[in-house]
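Architecture at a glance
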Amino acid sequence: MIRPRHKPLPKGVYHSFVRSLYENRATLLIGMISHAVTFLLVYTRVNDPFFLIATFAVIAIFLVRMVDMRGFDRIDLSGADDVTLRLWEDRYLLGGLCVTMTCGVACAYAVVVTHDAFAELACISVTVASMISIVGRNYGSSRAVAILTAGACGPIFFGLLSLGDFYMSVLAALMIPLVITTWQMAKGVREFLYRNVIAATEIATIADRFDTALNNMTHGLFMLDAQGRVLVANRRATDLLNLDWTAGLKDSHLEVVLKYGMRHSFLDGDQVRQVLRQLAPLLEGLETRTLVPFPDDFYLEFSASRRPDGGTVLIFEDVSARILAERKILNMVRYDALTGLPTRAYFSELVEATIGQGDPDRPVGFLIMDVVDFKHVNDMRGHIVGDQVLVVVAERLRALAGEGAAVGRLMGDEFVVLFADETDRAALDGRMRSLHQQMRGTYTVNGFTFLLTMSAGSVMTAAGTFSFEDVQIKADLALFESKNRNRGGFTAFEETMDEQYVDRQKLKADFQQALEASALAVVYQPMMTPDGLRIECCEALARWTHPERGPVGPAVFIRVAEEMGLVGDVTAFVLRRACTDCLDWPDEMAVSVNLSVADLRNPGFAAKVVQILEETGLPARRLHLEVTEGGFIEDPVKVGTMLQELRARGVSIAIDDFGTGYSSLSYLDTLPLDLVKVDRSFVRNIREDARRFNLLRGVVQLSRELGLRVIVEGVETADQLDLLRSHHCADLIQGYVFARPMPASEVLKLAFVAESKRAIAARKSAPA
Ligand code: C2E
Ligand code: CA
Ligand code: CA
């Protein structure tokens, strides 16, 4: 059978060859008719009954074969094994052999017995012609070709030989090449077909695997021809694009696919055009990748590779999760999580983009606002309420600023607004001022109501020369002015502020130098008993004389020190100097040193005080420390503990400027205090303002009940002094009425004067 050398025939191939033997039965019918007609014709010519028998024989063989072939039709060929196939091959072969043998024998009979030229010609012609159909029908089985050919040619060969004629013998010999060529032809056809059957099977296998691979991809795929028609689409592609007609995709143009293939009108016409516009550079080979947004936050990333024939392979994947995550991260960077306003960095990006458009000569307004005393909100109500206050402030600011303005949060309680839609400078200035005004008001959060004001700094510039860095510095300078000179006010930037800024930077540098060179001075202001006869204590007050500017007030340089984080060094300097100077004074005199909020925040502060006391040798009982209420607000418990520690060593603690801050009387009870210094604002109108005087008396009374001594500050006139004395309002008096701040050496002189006065007074009051 058709077994190409050394290679077992695949089962499918053997099947198809056996089936080929049983196909095309019409040729068998035609062959049978030709044979029967020929033999009948020869019979009528030579009147030999042999040919009549041959005629009936071919008809009978045909009928038997036909019946047998019907049997072949009934079997299930796909389930047939090799043995069954072989059996059917043999049955076919037997039938075929019967036919060719009949023809061969008829030829031999005509040549050997009949000797009729027509009979010989007719029989040999029809037999040789049948040889052609042997190849055509039986190429599938080499056995069939060999046996059938032999069946036809064998009797002719022997018939011719038997005549004993030279010419006839040569003719007989020529039968051999006929058989060989017939056999070779069949083999050629068979092998050619064999290769095709194998190739077809292989192609089917490859196509099957390709299909499986394609349909299991996580990416969608379209293979398009040069005209943009779909040649191949995988299942993921139809899923991702929500396509309904997989079958109809093939050969449809991509545009048609997107337009009509989508279920539930996933895209409308405009969107399809938009998608195609985005894909165009990919299809033209100008780009290799593009991100296409679809409705409902659905994103597909397409990548394309061009095929040599001008077509394109489009691969796309669902990147929605990635894009949304990226967007979320970007939002976190761009927008402040608390207020939802743009952060400084993103605000500057937005602003630069807005300003780039439109008339470069138009004015642009930049406004920075800072909530006055916001720290107080945090301190009093906690950070959670503080945060919520910022949220409502941001909301109000956004609403009031309106559509044309951009609002951002710079940091903490600082907000920024940019106006770039105004043409008139005066109108722009008015708008910024009115926004600042409107922001002032009550804000309610968690049932707490706050009256808030904002300090504002503004700057105007032409759009064409706008630089974010530059306007922010200028607006900050203006804001700084508001915060310092005009809390809650509005300051428009002026060029001189730049100079002031530079000036202040210089002042800072100079102050640092002075501190490092110990060029600060300390003066002392006595606190005296109301009769003016005894100095109990002196307050140490720092002084700085600038080499060019002359004296700089402590209000200025203490603030500078605070801004530079140097105030702890100032305290240490004054403390050391005060302790040293105090040692020169009479033993019963103490010295009082002012502390800053930063000192109370410093966990090592108490140790520092102890160290200075040890180094200078001043007894702790001769040192007073003055703290303001602001120092307690942040963490009253911690500060209380630290002061208690100092108090335990003998240091006295005074609360300074009492009555100016938040003045909670409860402080007096809960904090470790020895003295209360009533602020000079209580004394100023002591005669005119009875209410204030009563308040002072109340504080004094309460303090005494709590065991605290009262020092009244800022007593300037004899009148004030008299009033305080007559009502026993003070244990000690500090004020110009007795003494101004003075150098340490002057204190000593004053102490002697006081002592002699005291002696005179003692003599006067002594009984004569
Ligand atoms: P303070 O603690 O209230 O100090 C008292 C201030 O009142 C001193 O001003 C003093 O000169 C002034 N004064 C005293 N008697 C009268 C008076 O009868 N009438 C008026 N109008 N004023 C009077 P000075 O020296 O200008 O100090 C201002 C502030 O600077 C001080 O206020 C204090 O808070 C701060 N300061 C001064 N030296 C230091 C220091 O060494 N460290 C710290 N942290 N702050 C200091
Ligand atoms: Ca003080
Ligand atoms: Ca004071």
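Read on for a plain summary of the structure. (Residues numbered from 1 in each chain as written. Chains lettered and ligands numbered in written order. Predicted model: local features only at pLDDT ≥ 70, side-chain atom pairs only at ≥ 80, totals over all residues. Heavy atoms only, no water.)

Attention now moves to empty space enclosed by the protein. The full count for this structure, using the stated rule, is 2 cavities of 30 Å³ or more. In terms of lining residues, the largest cavity is bounded by Arg534, Ile535, Pro586, Glu588, Met589, Ala751, Ala754, Glu755 and Arg758. For the lining of the largest cavity, the element with the highest residue contribution is helix α29 (residues 744–765), accounting for 4 residues. Its residues assigned to classes, the lining of the largest cavity shows 5 nonpolar, no polar and 4 charged. Looking at the second largest cavity, its volume works out to about 40 Å³. (1 Å grid on protein atoms, 1.4 Å probe; cavity = no way out; pocket = protein on both sides within 12 Å on 5 of 7 lines; lining within 4 Å. Points joined across faces, edges and corners; volume = space filled by probe spheres on them. Helix = DSSP H or I, 4+ residues; strand = E, 2+ residues; numbered from the N terminus. Nonpolar A, V, L, I, M, F, W, Y, C, P; charged D, E, K, R; others polar.)

Let us look at the coordination of the calcium ion (ligand 3). Of the protein atoms, only Asp656 (OD), Asp657 (OD), Glu713 (OE) and Glu713 (OE) coordinate the calcium ion (ligand 3), at distances of 2.2 to 2.5 Å. A separation of 3.7 Å is found between the calcium ion (ligand 3) and the calcium ion (ligand 2), which share aspartate 656 as a coordinating residue. With aspartate 656 in strand β18 (residues 652–658) and glutamate 713 in strand β20 (residues 709–713), the pair connects residues that are 57 residues apart, well separated along the chain. The same class applies to aspartate 656 as to glutamate 713, namely buried. (Donors = N, O, S within 2.8 Å, 3.2 Å for Na, K, Ca; no water. Buried < 20%, exposed > 50% of the residue type's maximum accessible area, 1.4 Å probe, protein only.)

Okay, the side chain of glutamate 626 next. The residue glutamate 626 is located in strand β17 (residues 623–627) in this model. Among the residues examined, glutamate 626 registers a relative accessible area of 1% and is labelled buried. Reaching out from glutamate 626, the side chain makes a polar contact with the side chain of serine 592 at a distance of 2.8 Å. Within polar-contact distance, the side chain of glutamate 626 engages the side chain of lysine 677 at 2.6 Å. Contacts of glutamate 626, omitting those with residues within four sequence positions, involve Met527, Glu539, Ser592, Val593, Asn594, Leu595, Ala654, Asp656 and Lys677. (Polar contact = N/O pair within 3.5 Å; in protein donor to acceptor, adjacent residues only side chain to side chain. Contact = heavy atoms within 4.5 Å.)

On inspection of all chains with the given rule, the structure shows 37 salt bridges. Close ionic contact of aspartate 225 with arginine 229 constitutes a salt bridge, the shortest N to O distance being 3.0 Å. Residue aspartate 225 is classed as buried on the basis of its relative accessible area, which comes to 13%. Here arginine 431 ties to aspartate 421 by a salt bridge, and the two come within 3.0 Å at their closest N and O atoms. (Salt bridge = Lys/Arg side-chain N within 4 Å of Asp/Glu carboxyl O.)

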